[in-house]
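A look at the structure
For reference, the chains in residue letters:
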Amino acid sequence: MKDKIDKKWLISCRDASLGYENKAVLEHLDFEIREGEYVCVIGENGSGKSTLIKSLLGLLKPVSGSVGINREAGKGAVGYLPQQTQVQRNFPVSVMEVVLSGFLNDMHFRPFYTKKEKQEVRKHLQHLGIADLEKKCYGELSGGQQQRVLLARALCAADKILVLDEPVTGLDPVAANTLYESMELLHQEGMAIVMVTHDLKNAVKYADKILHISDNGYFFGDVEQYKTSEYSKIFLS
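Bear in mind that the values here come from a model prediction, so they are computed numbers and not experimental data.

1. Re the packing of aromatic side chains
For the structure shown, the criterion picks out four aromatic pairs. With a centroid separation of 5.4 Å and 55° between ring planes, the pair formed by Phe-219 and Tyr-226 is classed as tilted. Like Tyr-226, Phe-219 is buried. Counting every residue linked through ring pairs, the aromatic cluster contains Phe-219, Tyr-226 and Tyr-231.

2. Observations regarding the sheet that holds strand S6 (residues 161-165)
Whenever strands of a sheet pair, they do so through backbone hydrogen bonds, lying parallel or antiparallel. Ordered in space as S5-S6-S7-S3-S8-S9, the six strands form an open sheet in which the pairing is mixed. The sheet terminates laterally at strand S5 (79-81) and strand S9 (217-222), the two strands that pair on one side only. Averaged over all adjacent pairs, the angle separating strand axes in this sheet is 15°, with direction ignored. By the bridge criterion, four bridges tie strand S3 (residues 38-42) to strand S8 (residues 209-214) in an arrangement that is parallel. Bridge pairing in S8 places Ile-42 opposite His-212.

3. Observations concerning helix H6 (residues 143-157)
Taking 1.5 Å of rise per residue, 15 residues should cover 21 Å, and H6 covers 21 Å from first to last C-alpha, within 8% of that figure. The element H6 is extensively covered by neighbouring structure, given that twelve of its 15 residues are classed as buried. Taken residue by residue, H6 has Gly-144, Gln-146, Gln-147, Arg-148, Val-149, Leu-150, Leu-151, Ala-152, Ala-154, Leu-155, Cys-156 and Ala-157 as its buried positions.

4. Quick notes on the pattern of salt bridges
Oppositely charged side chains can form a pair if their charged atoms are brought close together. Overall, the coordinates contain six salt bridges when judged by the stated rule. Salt-bridge contacts for Arg-34 lead to Glu-32; the nearest nitrogen and oxygen are separated by 2.8 Å. Residues Arg-34 and Glu-32 agree in their burial class; the two are buried. Between Lys-209 and Glu-37 there is a salt bridge; the shortest N-O distance is 3.0 Å.

5. Here we look at the nonpolar core
With 45 residues, the main nonpolar core has Tyr-38 and Met-183 as its most contacted residues. With seven residues, the single largest contributor to this core is H6. Ignoring any residue separated from it by four or fewer positions in sequence, one finds Tyr-38 in contact with Tyr-180, Met-183, Glu-184, His-187, Ile-193, Met-195, Tyr-206, Ala-207, Asp-208 and Lys-209. The next biggest cluster of nonpolar side chains, apart from the first, holds 23 residues, and it includes Ile-11, Leu-52, Val-78 and Ile-213.

6. Considerations on the environment of Cys-13
Here Cys-13 is to be found in strand S1 (residues 9-20). For Cys-13, a relative accessible area of 0% translates into the label buried. Beyond its immediate chain neighbours, meaning those up to four positions away, Cys-13 contacts Leu-29, Asp-30, Phe-31, Leu-56, Ser-66 and Val-67.

Scoring rules and cut-offs
- Residues numbered from 1 in each chain as written.
- Predicted model: local features only at pLDDT ≥ 70, side-chain atom pairs only at ≥ 80, totals over all residues.
- Heavy atoms only, no water.
- Phe/Tyr/Trp six-rings, centres within 6.5 Å; stacked < 30°, edge-to-face > 60°.
- Buried < 20%, exposed > 50% of the residue type's maximum accessible area, 1.4 Å probe, protein only.
- Pairing = 2+ DSSP bridges.
- Helix = DSSP H or I, 4+ residues; strand = E, 2+ residues; numbered from the N terminus.
- Axes fitted to C-alpha atoms, helices over the stretch in contact; angles between N-to-C directions.
- Expected span 1.5 Å × (residues − 1).
- Salt bridge = Lys/Arg side-chain N within 4 Å of Asp/Glu carboxyl O.
- Core = buried A, V, L, I, M, F, W, Y, C linked by side-chain atoms within 4.5 Å.
- Contact = heavy atoms within 4.5 Å.

Put into structure tokens, the structure is as follows:
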């Protein structure tokens, strides 16, 4: 593993206050997410996790300060795996079509996907152990299979960082464990991961760093530091 000084920053918050309509929900955030880091975002319901994720993705402008994405550190995009809705779960398209849609931002005015893009889709499906699902209808898959399909789609959008919003919600323990293992494999291969989760047990098992946000401020640091912090007492007591 390279030292921190050798790793490029991917996302940075500089004295950032985040919220809606000039009303901050989170204030004075200062941290960087760098290449290859696995960061778990935790916090109570209503603490601002969704606001944070939307801001990191560039969907919300900060109330003050700055949130930056390093557009020179790869394709310039962030792969995003949002929470699924019931409509998305029942979407009547093939797995190949779902994963290919990860390239939409790169297509511009092209009407068709390229051979190279289709090959990359098959590479990601193979990598995540779901190559046999390529021609299956997405809506007929299990919840765990659907999440791995969406993970493959996110990989098509970016090659440096993935942002996942509670990806194991609603999955049975076996499916959740399979998804964690898939993400850990990607992490070991150099992918940076930012994951919102309520599953603290697996957060401290897999993450390099914890970002805990609350009404009283926030913590950002490595797992061992977190375990001895005041913030951890809420979840680790």
